[in-house]
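Take a look at the letters that make up each chain.
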Amino acid sequence: MALLKVKFDQKKRVKLAQGLWLMNWFSVLAGIIIFSLGLFLKIELRKRSDVMNNSESHFVPNSLIGMGVLSCVFNSLAGKICYDALDPAKYARWKPWLKPYLAICVLFNIVLFLVALCCFLLRGSLENTLGQGLKNGMKYYRDTDTPGRCFMKKTIDMLQIEFKCCGNNGFRDWFEIQWISNRYLDFSSKEVKDRIKSNVDGRYLVDGVPFSCCNPSSPRPCIQYQITNNSAHYSYDHQTEELNLWVRGCRAALLSYYSSLMNSMGVVTLLIWLFEVTITIGLRYLQTSLDRVSNPEETESESEGWLLEKSVPETWKAFLESVKKLGKGNQVEAEGADAGQAPEAG
(Lines give C-alpha, C1' and ligand atoms only; values in the text may rest on other atoms or scores of the structure.)
Protein backbone atom coordinates (compact mmCIF):
# COMPACT_ATOMS: atom_id res chain seq x y z
CA MET A 1 0.00 0.00 0.00
CA ALA A 2 1.33 3.41 -1.00
CA LEU A 3 2.44 5.76 1.77
CA LEU A 4 0.71 9.16 2.13
CA LYS A 5 -1.38 8.84 -1.03
CA VAL A 6 -2.91 12.07 -2.38
CA LYS A 7 -5.28 12.61 -5.30
CA PHE A 8 -4.41 15.28 -7.87
CA ASP A 9 -6.46 16.85 -10.63
CA GLN A 10 -5.03 19.11 -13.31
CA LYS A 11 -5.48 22.25 -11.18
CA LYS A 12 -3.62 20.75 -8.23
CA ARG A 13 -0.81 19.50 -10.46
CA VAL A 14 -0.41 22.95 -12.00
CA LYS A 15 -0.32 24.62 -8.59
CA LEU A 16 2.18 22.04 -7.30
CA ALA A 17 4.48 22.50 -10.30
CA GLN A 18 4.31 26.30 -10.12
CA GLY A 19 4.87 26.32 -6.35
CA LEU A 20 7.86 23.98 -6.66
CA TRP A 21 9.30 26.10 -9.47
CA LEU A 22 9.16 29.17 -7.21
CA MET A 23 10.53 27.27 -4.18
CA ASN A 24 13.45 25.95 -6.21
CA TRP A 25 14.53 29.43 -7.19
CA PHE A 26 14.32 30.48 -3.56
CA SER A 27 16.52 27.48 -2.81
CA VAL A 28 19.06 28.74 -5.34
CA LEU A 29 19.25 31.91 -3.23
CA ALA A 30 19.54 29.72 -0.12
CA GLY A 31 22.44 27.89 -1.78
CA ILE A 32 24.14 31.23 -2.37
CA ILE A 33 23.63 32.00 1.34
CA ILE A 34 25.23 28.67 2.36
CA PHE A 35 28.14 29.35 0.00
CA SER A 36 28.57 32.87 1.44
CA LEU A 37 28.49 31.58 5.03
CA GLY A 38 31.17 29.00 4.25
CA LEU A 39 33.31 31.58 2.48
CA PHE A 40 32.97 34.03 5.39
CA LEU A 41 33.93 31.36 7.94
CA LYS A 42 36.90 30.29 5.82
CA ILE A 43 38.14 33.89 5.62
CA GLU A 44 37.75 34.30 9.39
CA LEU A 45 39.74 31.12 9.99
CA ARG A 46 42.41 32.16 7.48
CA LYS A 47 42.88 35.44 9.34
CA ARG A 48 44.15 33.52 12.35
CA SER A 49 45.71 30.52 10.63
CA ASP A 50 49.05 31.43 12.29
CA VAL A 51 47.63 30.45 15.67
CA MET A 52 45.97 27.25 14.45
CA ASN A 53 47.80 23.95 14.45
CA ASN A 54 46.35 22.27 11.34
CA SER A 55 43.77 22.54 8.58
CA GLU A 56 41.11 20.32 10.20
CA SER A 57 39.17 23.41 11.23
CA HIS A 58 38.54 24.19 7.54
CA PHE A 59 36.34 21.09 7.09
CA VAL A 60 33.16 22.97 8.00
CA PRO A 61 33.65 26.01 5.72
CA ASN A 62 34.80 23.80 2.83
CA SER A 63 31.72 21.61 3.28
CA LEU A 64 29.41 24.65 3.37
CA ILE A 65 31.00 26.05 0.20
CA GLY A 66 30.61 22.71 -1.60
CA MET A 67 27.00 22.21 -0.48
CA GLY A 68 26.16 25.78 -1.50
CA VAL A 69 27.42 25.16 -5.04
CA LEU A 70 25.57 21.81 -5.29
CA SER A 71 22.38 23.42 -3.96
CA CYS A 72 22.49 26.05 -6.71
CA VAL A 73 23.04 23.38 -9.40
CA PHE A 74 20.40 20.89 -8.18
CA ASN A 75 17.71 23.50 -7.54
CA SER A 76 18.29 25.21 -10.88
CA LEU A 77 17.79 21.83 -12.57
CA ALA A 78 14.72 21.08 -10.43
CA GLY A 79 13.25 24.47 -11.38
CA LYS A 80 13.64 23.57 -15.06
CA ILE A 81 11.99 20.16 -14.47
CA CYS A 82 9.02 21.79 -12.73
CA TYR A 83 8.70 24.33 -15.54
CA ASP A 84 8.58 21.55 -18.17
CA ALA A 85 6.46 19.15 -16.08
CA LEU A 86 3.06 20.27 -17.41
CA ASP A 87 4.06 20.01 -21.07
CA PRO A 88 3.73 16.29 -22.01
CA ALA A 89 6.32 16.54 -24.79
CA LYS A 90 8.92 18.23 -22.57
CA TYR A 91 8.14 16.03 -19.56
CA ALA A 92 8.75 12.87 -21.61
CA ARG A 93 12.42 13.83 -21.91
CA TRP A 94 12.80 14.16 -18.12
CA LYS A 95 10.74 11.11 -17.14
CA PRO A 96 13.54 8.45 -17.33
CA TRP A 97 15.85 10.64 -15.24
CA LEU A 98 13.48 11.67 -12.45
CA LYS A 99 13.91 8.63 -10.19
CA PRO A 100 17.75 8.79 -10.23
CA TYR A 101 17.52 12.56 -9.75
CA LEU A 102 15.24 12.15 -6.71
CA ALA A 103 17.65 9.56 -5.26
CA ILE A 104 20.49 12.08 -5.67
CA CYS A 105 18.33 14.74 -3.98
CA VAL A 106 17.75 12.42 -1.00
CA LEU A 107 21.50 11.81 -0.73
CA PHE A 108 22.12 15.55 -0.99
CA ASN A 109 19.66 16.22 1.86
CA ILE A 110 21.38 13.60 4.05
CA VAL A 111 24.80 15.18 3.45
CA LEU A 112 23.42 18.68 4.06
CA PHE A 113 21.98 17.51 7.40
CA LEU A 114 25.36 16.02 8.39
CA VAL A 115 27.13 19.27 7.48
CA ALA A 116 24.66 21.18 9.67
CA LEU A 117 25.42 18.78 12.55
CA CYS A 118 29.16 19.28 12.03
CA CYS A 119 28.66 23.00 12.64
CA PHE A 120 27.55 22.10 16.18
CA LEU A 121 29.85 19.13 16.89
CA LEU A 122 33.35 20.24 15.83
CA ARG A 123 33.96 22.39 18.89
CA GLY A 124 36.36 19.82 20.43
CA SER A 125 38.54 19.61 17.32
CA LEU A 126 38.66 23.40 17.06
CA GLU A 127 39.60 23.71 20.73
CA ASN A 128 42.62 21.39 20.30
CA THR A 129 43.67 23.17 17.12
CA LEU A 130 43.54 26.58 18.79
CA GLY A 131 45.26 25.38 21.98
CA GLN A 132 48.30 23.92 20.20
CA GLY A 133 48.46 26.74 17.66
CA LEU A 134 48.43 29.46 20.31
CA LYS A 135 51.06 27.62 22.32
CA ASN A 136 53.39 27.51 19.30
CA GLY A 137 52.60 31.12 18.40
CA MET A 138 53.57 32.33 21.87
CA LYS A 139 56.90 30.49 21.60
CA TYR A 140 57.67 32.37 18.39
CA TYR A 141 56.57 35.75 19.80
CA ARG A 142 60.17 36.87 20.33
CA ASP A 143 61.44 35.75 16.89
CA THR A 144 60.98 39.13 15.20
CA ASP A 145 64.22 38.66 13.21
CA THR A 146 63.46 35.11 12.01
CA PRO A 147 62.03 34.74 8.46
CA GLY A 148 58.56 33.24 8.54
CA ARG A 149 58.02 34.23 12.19
CA CYS A 150 58.76 37.94 12.12
CA PHE A 151 55.04 38.84 12.11
CA MET A 152 54.05 36.50 14.93
CA LYS A 153 54.50 39.22 17.58
CA LYS A 154 52.11 41.53 15.74
CA THR A 155 49.62 38.69 15.22
CA ILE A 156 49.56 37.74 18.90
CA ASP A 157 49.39 41.37 20.07
CA MET A 158 46.50 42.21 17.72
CA LEU A 159 44.73 39.02 18.75
CA GLN A 160 44.98 39.84 22.47
CA ILE A 161 43.82 43.42 21.91
CA GLU A 162 40.91 42.49 19.63
CA PHE A 163 39.56 39.61 21.73
CA LYS A 164 40.48 41.11 25.12
CA CYS A 165 42.43 38.04 26.18
CA CYS A 166 45.90 37.12 27.42
CA GLY A 167 47.97 34.00 26.84
CA ASN A 168 46.63 30.60 25.91
CA ASN A 169 44.68 29.70 29.05
CA GLY A 170 45.52 32.88 30.97
CA PHE A 171 48.22 35.52 31.59
CA ARG A 172 50.36 33.07 33.61
CA ASP A 173 51.21 31.22 30.37
CA TRP A 174 53.62 34.05 29.56
CA PHE A 175 55.59 33.27 32.74
CA GLU A 176 56.60 29.87 31.30
CA ILE A 177 58.18 31.06 28.04
CA GLN A 178 60.84 33.57 27.08
CA TRP A 179 58.84 36.12 25.11
CA ILE A 180 61.56 38.84 25.22
CA SER A 181 64.10 38.53 22.40
CA ASN A 182 67.79 38.15 23.32
CA ARG A 183 68.37 41.16 21.10
CA TYR A 184 66.87 43.37 23.82
CA LEU A 185 68.60 41.82 26.82
CA ASP A 186 71.73 43.26 28.43
CA PHE A 187 73.82 40.17 29.13
CA SER A 188 76.32 42.22 31.12
CA SER A 189 73.60 42.89 33.70
CA LYS A 190 73.76 40.77 36.87
CA GLU A 191 69.97 40.44 36.99
CA VAL A 192 69.80 39.03 33.45
CA LYS A 193 72.67 36.60 34.14
CA ASP A 194 71.09 35.40 37.37
CA ARG A 195 67.71 34.79 35.72
CA ILE A 196 69.26 32.83 32.86
CA LYS A 197 71.44 30.75 35.22
CA SER A 198 68.50 30.00 37.50
CA ASN A 199 66.65 28.38 34.59
CA VAL A 200 67.59 24.86 33.50
CA ASP A 201 66.98 25.61 29.83
CA GLY A 202 68.91 28.88 29.97
CA ARG A 203 65.86 30.99 29.20
CA TYR A 204 65.09 34.49 30.44
CA LEU A 205 61.78 34.04 32.26
CA VAL A 206 59.94 36.85 34.03
CA ASP A 207 56.61 37.21 35.77
CA GLY A 208 55.55 39.69 33.12
CA VAL A 209 53.35 39.85 30.03
CA PRO A 210 53.33 41.79 26.72
CA PHE A 211 51.66 45.21 26.67
CA SER A 212 48.72 43.81 24.66
CA CYS A 213 47.52 41.99 27.79
CA CYS A 214 46.82 45.30 29.54
CA ASN A 215 43.21 46.22 30.19
CA PRO A 216 42.59 49.89 29.27
CA SER A 217 39.67 49.96 31.70
CA SER A 218 42.08 49.72 34.63
CA PRO A 219 42.06 52.91 36.73
CA ARG A 220 45.81 52.69 37.29
CA PRO A 221 48.71 52.46 34.80
CA CYS A 222 49.13 48.91 33.58
CA ILE A 223 51.42 46.67 35.63
CA GLN A 224 52.93 44.19 33.22
CA TYR A 225 56.18 43.32 35.03
CA GLN A 226 56.58 41.73 38.47
CA ILE A 227 52.88 40.99 38.38
CA THR A 228 52.96 38.55 41.28
CA ASN A 229 55.26 40.71 43.46
CA ASN A 230 52.97 42.83 45.63
CA SER A 231 55.86 44.66 47.32
CA ALA A 232 57.17 45.95 43.98
CA HIS A 233 54.16 48.23 43.51
CA TYR A 234 52.38 50.66 45.76
CA SER A 235 48.92 49.67 47.02
CA TYR A 236 48.86 46.53 44.89
CA ASP A 237 47.57 42.99 45.35
CA HIS A 238 47.77 40.83 42.24
CA GLN A 239 44.96 38.56 43.43
CA THR A 240 42.44 41.39 43.59
CA GLU A 241 43.65 43.55 40.67
CA GLU A 242 41.39 41.88 38.10
CA LEU A 243 41.17 45.01 35.93
CA ASN A 244 44.92 45.26 35.46
CA LEU A 245 45.18 42.51 32.78
CA TRP A 246 42.77 40.53 30.65
CA VAL A 247 41.82 37.49 32.69
CA ARG A 248 40.40 35.27 29.96
CA GLY A 249 42.76 33.15 27.84
CA CYS A 250 42.79 33.59 24.06
CA ARG A 251 41.85 29.97 23.43
CA ALA A 252 38.57 30.41 25.29
CA ALA A 253 37.96 33.77 23.59
CA LEU A 254 38.57 32.44 20.07
CA LEU A 255 36.64 29.25 20.77
CA SER A 256 33.65 31.26 21.95
CA TYR A 257 33.81 33.48 18.86
CA TYR A 258 34.08 30.64 16.33
CA SER A 259 31.56 28.46 18.18
CA SER A 260 28.94 31.22 18.08
CA LEU A 261 29.64 31.67 14.36
CA MET A 262 29.32 27.94 13.59
CA ASN A 263 26.22 27.54 15.78
CA SER A 264 24.49 30.37 13.90
CA MET A 265 25.54 28.84 10.58
CA GLY A 266 24.31 25.44 11.76
CA VAL A 267 20.86 26.86 12.56
CA VAL A 268 20.64 28.55 9.14
CA THR A 269 21.77 25.36 7.39
CA LEU A 270 19.16 23.29 9.26
CA LEU A 271 16.40 25.69 8.19
CA ILE A 272 17.57 25.46 4.58
CA TRP A 273 17.73 21.66 4.94
CA LEU A 274 14.05 21.60 6.01
CA PHE A 275 13.21 23.71 2.96
CA GLU A 276 15.15 21.31 0.69
CA VAL A 277 13.37 18.29 2.19
CA THR A 278 10.01 19.95 1.50
CA ILE A 279 11.00 20.51 -2.13
CA THR A 280 12.15 16.89 -2.52
CA ILE A 281 8.83 15.63 -1.14
CA GLY A 282 6.95 17.96 -3.50
CA LEU A 283 8.99 16.70 -6.48
CA ARG A 284 8.19 13.11 -5.51
CA TYR A 285 4.45 13.88 -5.46
CA LEU A 286 4.70 15.67 -8.79
CA GLN A 287 6.62 12.80 -10.38
CA THR A 288 4.27 10.04 -9.15
CA SER A 289 1.09 11.99 -9.97
CA LEU A 290 2.28 12.66 -13.52
CA ASP A 291 3.39 9.05 -14.01
CA ARG A 292 -0.06 7.80 -12.97
CA VAL A 293 -1.88 9.82 -15.60
CA SER A 294 -3.35 7.14 -17.88
CA ASN A 295 -3.17 9.25 -21.01
CA PRO A 296 -0.66 12.13 -20.97
CA GLU A 297 -2.63 13.90 -23.69
CA GLU A 298 -5.72 14.02 -21.43
CA THR A 299 -4.49 16.61 -18.95
CA GLU A 300 -7.91 16.90 -17.26
CA SER A 301 -7.77 13.36 -15.81
CA GLU A 302 -7.19 12.72 -12.13
CA SER A 303 -4.21 10.80 -10.78
CA GLU A 304 -2.73 9.68 -7.48
CA GLY A 305 0.61 10.70 -6.04
CA TRP A 306 2.46 9.23 -3.10
CA LEU A 307 5.65 9.50 -1.14
CA LEU A 308 6.52 5.79 -1.19
CA GLU A 309 5.00 3.14 -3.44
CA LYS A 310 4.92 0.69 -0.52
CA SER A 311 5.01 0.98 3.26
CA VAL A 312 8.27 1.85 5.02
CA PRO A 313 9.06 -1.76 6.13
CA GLU A 314 8.30 -3.13 2.65
CA THR A 315 10.39 -0.43 0.99
CA TRP A 316 13.31 -1.14 3.32
CA LYS A 317 13.00 -4.90 2.70
CA ALA A 318 12.99 -4.36 -1.08
CA PHE A 319 16.05 -2.12 -0.78
CA LEU A 320 17.97 -4.78 1.18
CA GLU A 321 17.00 -7.45 -1.36
CA SER A 322 18.24 -5.31 -4.23
CA VAL A 323 21.55 -4.79 -2.40
CA LYS A 324 21.87 -8.57 -1.87
CA LYS A 325 21.15 -9.25 -5.54
CA LEU A 326 23.76 -6.71 -6.52
CA GLY A 327 26.31 -8.40 -4.26
CA LYS A 328 25.48 -11.86 -5.66
CA GLY A 329 25.77 -10.51 -9.20
CA ASN A 330 29.26 -9.21 -8.50
CA GLN A 331 30.21 -12.55 -6.92
CA VAL A 332 29.00 -14.52 -9.97
CA GLU A 333 30.99 -12.26 -12.29
CA ALA A 334 34.12 -12.76 -10.18
CA GLU A 335 33.69 -16.58 -10.22
CA GLY A 336 33.17 -16.52 -13.98
CA ALA A 337 36.37 -14.55 -14.45
CA ASP A 338 38.31 -17.02 -12.28
CA ALA A 339 36.91 -19.97 -14.26
CA GLY A 340 37.96 -18.37 -17.50
CA GLN A 341 41.52 -17.90 -16.25
CA ALA A 342 41.87 -21.48 -14.96
CA PRO A 343 42.35 -23.22 -18.36
CA GLU A 344 44.96 -20.66 -19.34
CA ALA A 345 46.85 -21.33 -16.12
CA GLY A 346 46.71 -25.11 -16.77
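As recorded in an unreviewed UniProt entry, the protein chain goes by the name Peripherin-2, listed as coming from Theropithecus gelada. Quoted verbatim from the Function (unreviewed entry) field of the UniProt record, the comment on the protein chain reads "Essential for retina photoreceptor outer segment disk morphogenesis, may also play a role with ROM1 in the maintenance of outer segment disk structure. Required for the maintenance of retinal outer nuclear layer thickness. Required for the correct development and organization of the photoreceptor inner segment." If you open the UniProt record of the protein chain and go to Sequence similarities (unreviewed entry), you find "Belongs to the PRPH2/ROM1 family."

1. A few points about the packing of aromatic side chains
Each aromatic ring pair is described using two quantities: the centre-to-centre distance and the angle formed by the ring planes. Applying the stated criterion across every chain yields a total of 9 aromatic pairs. Taking the centre distance of 5.4 Å and the plane angle of 70° together, the rings of Phe163 and Tyr257 count as edge-to-face. A residue pair is termed long-range when its members are at least 10 positions apart, and Phe163 in helix α5 (residues 152-163) and Tyr257 in helix α7 (residues 250-291) qualify at 94 residues. For Phe163, a relative accessible area of 11% translates into the label buried. Ring plane angle 70° and centroid distance 5.9 Å describe the contact between Phe171 and Phe175, whose orientation is recorded as edge-to-face. Residue classification places Phe175 among the buried positions, given a relative accessible area of 15%. Arg149 extends its terminal NZ or CZ atom over the ring of Tyr140, reaching a point 3.9 Å from the ring centre.

2. Structural notes on the packing of helix α1 (residues 10-47) against helix α2 (residues 59-84)
A pair of packed helices is captured by two measures, namely the crossing angle of their axes and the spacing between those axes. Contact pair α1 / α2: the axes reach a minimum separation of 7 Å and the direction vectors enclose 165°. The orientation of α1 relative to α2 falls into the category roughly antiparallel. In the crossing of α1 with α2, the sense of the turn from one axis to the other is left-handed. For the contact of α1 with α2, the residue count by class is 21 nonpolar, 10 polar and 1 charged.

So, how was this worked out
- Residues numbered from 1 in each chain as written.
- Predicted model: local features only at pLDDT ≥ 70, side-chain atom pairs only at ≥ 80, totals over all residues.
- Heavy atoms only, no water.
- UniProt positions renumbered as here; feature names shortened; annotations may be inferred.
- Phe/Tyr/Trp six-rings, centres within 6.5 Å; stacked < 30°, edge-to-face > 60°.
- Helix = DSSP H or I, 4+ residues; strand = E, 2+ residues; numbered from the N terminus.
- Buried < 20%, exposed > 50% of the residue type's maximum accessible area, 1.4 Å probe, protein only.
- Lys NZ or Arg CZ within 6 Å of the ring centre and 35° of its normal.
- Axes fitted to C-alpha atoms, helices over the stretch in contact; angles between N-to-C directions.
- Parallel < 35°, antiparallel > 145°, perpendicular 65-115°, else oblique.
- Left-handed = near helix turned anticlockwise from the far one by under 90°.
- Nonpolar A, V, L, I, M, F, W, Y, C, P; charged D, E, K, R; others polar.

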